[in-house]
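One-letter residues, chain by chain:
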Amino acid sequence: MSEKKGIAILGATGSIGKKALEIIAAYPSYFDLQVITANKNADLLIQLALLHKPNTVVIVDENQYKKVSEALWNEDIHVYAGKDALCQVVESGEIHTVLTAIVGFSGLEPTIAAIRAKKQIALANKESLVAAGELVTRLAKENGVNIYPVASEHSAIFQCLVGETYNPIEKIYLTIAGGPFRGFSGPQLKNVTRQAALASSKSVLDPKLAIDSATFMNKGFEAIEAKWLFNLKPKQIEVVVHQQSIVHGIVQFEDGSMKAQMGLSDMRLPIQFSLTYPDRFQTDFPRFNFMDHPEFSFEKADLEVFKNLNLAFSVIEKGGTAACVLNAANDVFVHAFLNEKISFVDIAHFNEAVVNAHSVILKPGYEDYVNTDLWARDYASNLIQ
């Protein structure tokens, strides 16, 4: 293996993947880019491959293999296609860390493949832990693999825990800016339109994320992830509204002392730390100035109004395949809302109906998660009809 740290980026054409490539390019003496992959965006994959010169690229859509292969024919780059290739390339002995930045449930299988290949994981695919956290964390432990969180809130908690290995956590606080409908009552939420939900969000380029943020489902998923990342019980996780988005996470220890990780919102920071841990590399990123942010505020998240958040805590309690069902159902219902087939409040209402209809499988294996995901999507689709 090279003395440099070999990196594979699964999902290189997404926002996380592109930022990771910028970081890797900034430290050429430290990183060795081995693999980049894309699902369907062949044009951008080709562009990134020509710019960053990885050893291998994978285009999951096999119909686009010829296009990618011909474009990179004169380059010293191996080109593969298909889902199987996505899982196989992470086995390379030149790879040290795999950044899993694939969006959706489809990111679970390659994440598991990387863990079985005993690669360190920089995790940006939330579904791996939301849907199958029990399996993923068990396999990581069995294979001696560390999972370094990329999401800013989980990275914040992780950074607070550095040096605290033997000090038990009493509680963690995950912060949320509050979304466009912070302070709304239940009746007010009934009138929320697709246009209002998207127009008020900073994430309009990703409509699914915009709606998940507005319903607090995204923060609910983060609570589920935190349970598995930090081995916590639901009562040890609290969500607080922090409009300024400067404090990204807080850990309270059993002596009552607290650590907070703070800074300007910049996804490059947690991505870089997940790839360089335990080292911190010098950057030219913008610095925080207290005088620009003289006041911080915190308030309780309303679990009664934003029912998805409460539902997330309930599936943590249920365990097994319950969270897998919630993840799949929410995909279906957010899509339905974006297509104006159901109302904003129906998302949480229908999510709860699917979760309640499911017979939880305890101690599930990989196939149990796959079958549960398919069942939940089918059941949810039938509810809409």
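Keep in mind that what you see is a predicted model, and the values were worked out from it rather than measured.

This part covers the overall build of the protein. Helices and strands together make up the secondary structure of the protein, namely 16 helices and 12 strands. Its C-alpha radius of gyration of 21 Å places the protein within 12% of the 21 Å reference for a compact globule of 385 residues. On the principal axes, the C-alpha backbone points of the protein span a range of 60 × 50 × 40 Å. Of all 385 residues assigned to the protein, the portion counted as buried reaches 53%. In the protein, the share of contacts with a sequence separation of at least 24, taken over all contacts with a separation of at least 6, comes to 67%. Of the roughly 18100 Å² of accessible surface on the protein, 49% is carried by carbon and sulfur atoms.

Another aspect to go through is the packing of helix α13 (residues 307-318) against helix α14 (residues 322-338). For the pair α13 and α14, the least separation of the axes is 8 Å and the interaxial angle reads 150°. Our classification of the angle between α13 and α14 gives roughly antiparallel. On α14, the residues touching Asn-308, Leu-311, Ala-312, Val-315 and Lys-318 of α13 are Ala-322, Ala-323, Leu-326 and Asn-330. Considering only residue class, the contact of α13 with α14 consists of six nonpolar, two polar and one charged.

Where burial is concerned, the two faces of strand β5 (residues 97-100) agree: the one with Thr-97 and Leu-99 and the one with Val-98 and Thr-100 are both buried. Pairing of strand β1 (residues 5-10) with β5, which is carried by four bridges, proceeds in the parallel orientation. Looking at β5, one finds that Ile-7 is bridged to Thr-97. Regarding topology, helix α5 (residues 108-116) serves as the crossover connection from β5 to the parallel strand β6 (residues 120-123), and that connection is right-handed.

Among the surface-exposed residues, Met-262, Phe-290, Met-291, Phe-296 and Phe-298 lie close enough to one another that they form a single nonpolar patch of about 530 Å² accessible area. As for its placement among the helices and strands, Phe-290 is situated in the loop between α12 (268-276) and β12 (299-300).

What follows concerns α13. Over its 12 residues, α13 extends 17 Å from the first C-alpha to the last, a length consistent with the 16 Å expected when each residue adds 1.5 Å. All buried positions along α13 are accounted for by Asn-308, Leu-309, Leu-311, Ala-312, Phe-313, Val-315 and Ile-316. Where α13 is buried, its residues meet α10 (207-215), α11 (217-229), β9 (237-241), α14 and α15 (344-357). Immediately downstream of α13, the backbone of Gly-319 shows phi near 75°, a positive value.

With the rule as written, the count across this model stands at 15 salt bridges. Taking the shortest distance from any N to any O, the salt bridge between Arg-377 and Asp-373 comes out at 2.9 Å. Highlighted residues: Arg-377 and Asp-373, both in helix α16 (residues 366-384), separated by four residues, approximately one helical turn. For Arg-377, a relative accessible area of 22% translates into the label partly exposed. According to the relative accessible area criterion, Asp-373 is buried, its value standing at 5%. A cluster of three or more residues bridged by salt bridges with shared partners is formed by Lys-208, Asp-212, Asp-331, Asp-373 and Arg-377.

Counting 61 residues, the largest nonpolar core has Ile-172 and Phe-333 as its most contacted members. Sorting elements by how many residues they give to this core places α14 first, with 12 residues. Excluding its chain neighbours within four sequence positions, the residues that come into contact with Phe-333 are Ile-342, Ile-347, Phe-350, Asn-351, Val-354, Ala-380, Leu-383 and Ile-384. Within the second largest apolar cluster, 33 residues are counted, among which are Leu-108, Ile-115, Leu-123 and Ala-132.

Another point: α5. Among the nine residues that make up α5, seven are buried, leaving the element largely enclosed by the rest of the structure. For α5, the secondary structure elements touched by its buried residues are β1, α4 (83-88), β5, β6, α6 (127-142) and α16. At the C-terminal side of α5, Lys-118 shows a positive phi close to 65°.

Before going further, it helps to spend a moment on the sheet that holds β12. Spatial ordering of the open sheet is given by β11-β10-β8-β9-β12, a layout of five strands whose pairing is mixed. The two strands at the open ends of the sheet, each matched to only one other strand, are β11 (258-262) and β12. In terms of strand pairing, strand β10 (residues 247-253) meets β11 through five bridges, oriented antiparallel. Residue Val-247 lies in a different strand from β11, and its bridge partner there is Met-262. Here α11 sits on the sheet in contact with β8 (169-176) and β9, set at roughly 155° to β8.

Turning our attention to the environment of Asp-212. Locating Asp-212 in the fold gives a position in helix α10. Put simply, Asp-212 and Ser-343 are 131 residues apart on the chain and 14 Å apart in space, counted from C-alpha to C-alpha. The contact partners of Asp-212, leaving out residues within four places of it in the chain, are Met-217, Asn-218, Phe-221, Asn-330 and Val-334. Engagement of the side chain of Asp-212 in a polar contact is seen with the side chain of Lys-208, the distance being 2.4 Å. Here the side chain of Asp-212 touches Asn-330 through a polar contact of 2.9 Å, side chain to side chain.

Reading across from one edge, β4-β3-β2-β1-β5-β6-β7 is the order of the seven strands in this open sheet, with parallel pairing throughout. The open sheet has two free edges, formed respectively by β4 (78-81) and β7 (147-149), since each of these has just one partner strand. Here the strands of the sheet are splayed against their neighbours by 20° on average, with no regard to which way each runs. As judged from the five bridges shared by β1 and strand β2 (residues 31-38), these two strands associate in the parallel manner. Of the residues in β2, the one forming a bridge with Ile-7 is Leu-33.

Definitions and cut-offs
- Residues numbered from 1 in each chain as written.
- Predicted model: local features only at pLDDT ≥ 70, side-chain atom pairs only at ≥ 80, totals over all residues.
- Heavy atoms only, no water.
- Helix = DSSP H or I, 4+ residues; strand = E, 2+ residues; numbered from the N terminus.
- Rg over C-alpha atoms; globule rule 2.2 N^0.38 Å.
- Buried < 20%, exposed > 50% of the residue type's maximum accessible area, 1.4 Å probe, protein only.
- Contact = heavy atoms within 4.5 Å.
- Areas by Shrake-Rupley, 256 points an atom, 1.4 Å probe, with all protein chains shown as cover.
- Axes fitted to C-alpha atoms, helices over the stretch in contact; angles between N-to-C directions.
- Parallel < 35°, antiparallel > 145°, perpendicular 65-115°, else oblique.
- Nonpolar A, V, L, I, M, F, W, Y, C, P; charged D, E, K, R; others polar.
- Pairing = 2+ DSSP bridges.
- Right-handed = clockwise from strand over helix to strand, strands pointing away.
- Patch = residues over 30% accessible without salt bridge, like charges linked within 9 Å, V, L, I, M, F, W, Y side chains within 5 Å.
- Salt bridge = Lys/Arg side-chain N within 4 Å of Asp/Glu carboxyl O.
- Expected span 1.5 Å × (residues − 1).
- Core = buried A, V, L, I, M, F, W, Y, C linked by side-chain atoms within 4.5 Å.
- Polar contact = N/O pair within 3.5 Å; in protein donor to acceptor, adjacent residues only side chain to side chain.

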